[in-house]
Structures are given as C-alpha cells and as structure tokens.
Amino acid sequence: AQSVTQLDSHVSVSEGTPVLLRCNYSSSYSPSLFWYVQHPNKGLQLLLKYTSAATLVKGINGFEAEFKKSETSFHLTKPSAHMSDAAEYFCVVRLRSNTGKLIFGQGTTLQVKP
Amino acid sequence: DTAVSQTPKYLVTQMGNDKSIKCEQNLGHDTMYWYKQDSKKFLKIMFSYNNKELIINETVPNRFSPKSPDKAHLNLHINSLELGDSAVYFCASSQDGGQGSYGYTFGSGTRLTVV
C-alpha cells in the first residue's frame, strides 16, 4: 500500500537559515509526489510535484524537493527561510489508479523565528 | 476569479441539524473531491466524482451524501450532525479525471462547528 511519513511534526528555524522538511514514501511503483502548504486558516496550495521527470523539482517561493528512489525520500528544502514561510506543510502521494486518490502525510508545522 | 469556491466559509450549527456545503470549480476539470481535515490537521479523502459519477466513497457515515448536478459542482449534504463532524471540509478538483500525475486545486475550506 502507498503511504507517506513526515518525519517531523514540528520544525523551527530562524529567518534566513535553511529549511529541511523530511518525507519518506512507500510505494510499489514510481509514485507521483507533491508538497502542499497550508497557511493559517487558509486552503491548500501546491508547492511542487514530482512526476517521474527530473528528480530535483523546483517549486514556488524558492522551495525545492529531491526525489531519491534509493532512500524512498522526497525532502523539501529552501536555502533561506522567510517569516512568510511559517505554515503547515504536507507531503502527498497520489495513487496510480482510476481514482487518483491522494494520501496525505501527517503534516509538519514550520515555525520561523525572527 | 476563484478556481474552486466553497460556501459557506464558516458554519456553526447544533447537533441533529442537516446542513449542506456547496462547491463549484471553473477550471473545466472533470473530477471533484471532498476531503476532511480533523483537529490534528490530518487530511483524508471522503468522496470523489468524475463527470458526475461517484468513483471514491471512503468509509464515511451514510449521513454524508455528496451530490454532483454537473461536473462543475459537487455539494456535500450532512444529516443529523454530530459533534464529531466538526472539522474543516475541503473541496478539490483535478484536470486529469483521476489519472495521470497532476495535483489538485483546493478550495479554501469550510470550517464546520457542531455545538
């Protein structure tokens, strides 16, 4: 069965320092993987997606993620955190079935300190 | 133009009432979904419709009934509301009919509070 595990429920960084949000997936085939961000009391916004093309995926707002099949990981990074990055981040896998169901990770709360 | 719009944004109601949440997308997508986000922010799919046909129906109490009058609309009706139904409900749509490797476009959510 396909699943995703976000390894940290809470990450705290200082403004201007790098961000690393970790995600491991479980899939019997090459998955489609996504990162979504949810700002407080807001909807979900797609940050980036991996769909078996380039393993290093660039997203919006300076975020990147690297698909590593050998490690079954899809960690999200950003070189320099901004206060506006404080939000909830979800790693998501999409099932390759007729339904295309999304399976969400548990979420990681990113706190950015001044 | 809002791509996926949900109404209402907030809904406070008493136990036992019946309520509906509406969702409309103007993206021309052919698949729409309802997700529930609980108090711990965990998101789980409830239903999915493709061209007005139900394709996903997770283990959800039958008090919840989705209705899709056309492929641009997917409404959620909830009967006999219970305290445990309090959550944020997200509508979403997808451009690939549930296949392929694309993400979803989500609405801004409806925060339902049952008192």
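Placed above this text is the structure.
What counts, and where the lines are drawn
- Residues numbered from 1 in each chain as written.
- Chains lettered and ligands numbered in written order.
- Predicted model: local features only at pLDDT ≥ 70, side-chain atom pairs only at ≥ 80, totals over all residues.
- Heavy atoms only, no water.
- Helix = DSSP H or I, 4+ residues; strand = E, 2+ residues; numbered from the N terminus.
- Rg over C-alpha atoms; globule rule 2.2 N^0.38 Å.
- Pairing = 2+ DSSP bridges.
- Axes fitted to C-alpha atoms, helices over the stretch in contact; angles between N-to-C directions.
- Buried < 20%, exposed > 50% of the residue type's maximum accessible area, 1.4 Å probe, protein only.
- Phe/Tyr/Trp six-rings, centres within 6.5 Å; stacked < 30°, edge-to-face > 60°.
- Core = buried A, V, L, I, M, F, W, Y, C linked by side-chain atoms within 4.5 Å.
- Contact = heavy atoms within 4.5 Å.
- Polar contact = N/O pair within 3.5 Å; in protein donor to acceptor, adjacent residues only side chain to side chain.
- Disulfide = S-S within 2.5 Å.

Colleague: Just checking my understanding: could you explain the overall build of chain A for this structure?
Modeller: Helices and strands together make up the secondary structure of chain A, namely zero helices and 12 strands. Reading the helices (α) and strands (β) of chain A from amino to carboxyl end gives β-β-β-β-β-β-β-β-β-β-β-β. For chain A, the C-alpha radius of gyration of 14 Å lies close to 13 Å, the compact-globule estimate for 114 residues. Overall, the C-alpha framework of chain A stretches about 45 × 30 × 20 Å when taken along its three principal axes.

Colleague: How should the sheet that holds strand 3 (residues 19–25) of chain B be read in this particular structure?
Modeller: In any sheet, the strands associate via hydrogen bonds between backbone groups, in a parallel or an antiparallel arrangement. Residues and elements named next belong to chain B. Read from one edge of the open sheet, four strands run 1-3-8-7, paired in antiparallel fashion. Of all strands in the sheet, those bounded by a partner on one side alone are strand 1 (4–7) and strand 7 (64–70). Each strand axis lies, on average, 20° off the axis of its neighbour in the sheet, ignoring direction. Bridging between strand 1 and strand 3 involves four bridges; their strand directions are antiparallel. Following the sheet pairing, V4 is matched in strand 3 by Q25.

Colleague: I'm lost on the pairing of strand 8 (residues 73–78) of chain B in this one. Help?
Modeller: Note on strand geometry: in a regular strand, side chains alternate between the two faces of the sheet. Residue and element names in this part refer to chain B. Of the two faces of strand 8, only one is covered, namely that formed by L74, L76 and I78; the face formed by H73, N75 and H77 stays uncovered. Sheet topology places strand 7 next to strand 8; five bridges connect them, and they run antiparallel. Opposite F64, over in strand 8, you have I78 as the bridge partner. Following strand 7, the chain reverses through two residues before pairing antiparallel with strand 8.

Colleague: I tried to follow the packing of aromatic side chains on my own but got confused; where do I start?
Modeller: When we look at a pair of aromatic rings, we describe it by the centre distance and by the angle of the planes. As enumerated under the stated definition, the model contains 16 aromatic pairs over all chains in all. Ring geometry for F90 of chain A versus F104 of chain A: centroids 5.9 Å apart, planes at 80°, classification edge-to-face. Taken together, the residues F90 of chain A in strand 10 (residues 87–94) and F104 of chain A in strand 11 (residues 102–104) connect sequence positions 14 residues apart. A relative accessible area of 0% places F90 of chain A in the buried class. The exposure class assigned to F104 of chain A is buried, which follows from its relative accessible area of 4%. Three or more aromatic residues link up through ring pairs in this structure, and these residues are F34, Y36, F90 and F104 of chain A together with Y33, Y35, F90, Y104 and F106 of chain B.

Colleague: Looking at this structure, how should I read the nonpolar core?
Modeller: The nonpolar side chains of a soluble globular protein tend to be buried with one another. Residue and element names in this part refer to chain A. W35, L48, F74, L76 and Y89 are the most contacted members of the largest nonpolar core, which has 26 residues in total. Looking at this core, the element that brings in the most residues is strand 10, giving four residues. Aside from chain neighbours lying at most four places away, what touches L48 is L33, F34, W35, V57, K58, G59, F63, E64, A65, F74 and L76.

Colleague: What exactly am I supposed to notice about the environment of V12 of chain B here?
Modeller: All names here are of chain B. Here V12 lies in strand 2 (residues 10–13). The exposure class assigned to V12 is exposed, which follows from its relative accessible area of 61%. Sequence spacing of V12 and C91 is 79 residues, and the spatial spacing of their C-alpha atoms is 18 Å. If sequence neighbours within four positions are ignored, V12 has contacts with T113 and V115.

Colleague: Teacher, can you tell me more about the side chain of S93 of chain B here?
Modeller: Residue and element names in this part refer to chain B. Within the secondary structure, S93 sits in strand 9 (residues 87–94). In this structure the side chain of S93 is engaged in a polar contact, spanning 2.7 Å, whose partner is the side chain of H29. Contacts of S93, omitting those with residues within four sequence positions, involve V4, Q25, L27, H29, T31, M32, Y33, Y104 and T105.

Colleague: Got a minute to help me understand the state of the cysteines in this structure?
Modeller: Cysteine pairs can be linked by a disulfide, which is a covalent bond between their two sulfur atoms. Residue and element names in this part refer to chain B. Evaluated as defined, the whole model comprises two disulfides over all chains. Paired by a disulfide, C23 and C91 hold their sulfur atoms 1.9 Å apart. The disulfide joining C23 to C91 has a torsion of about -80° about its S-S bond and is therefore left-handed. In this pair, C23 is assigned in strand 3 and C91 in strand 9, connecting sequence segments 68 residues apart. Residue C91 is classed as buried on the basis of its relative accessible area of 0%.

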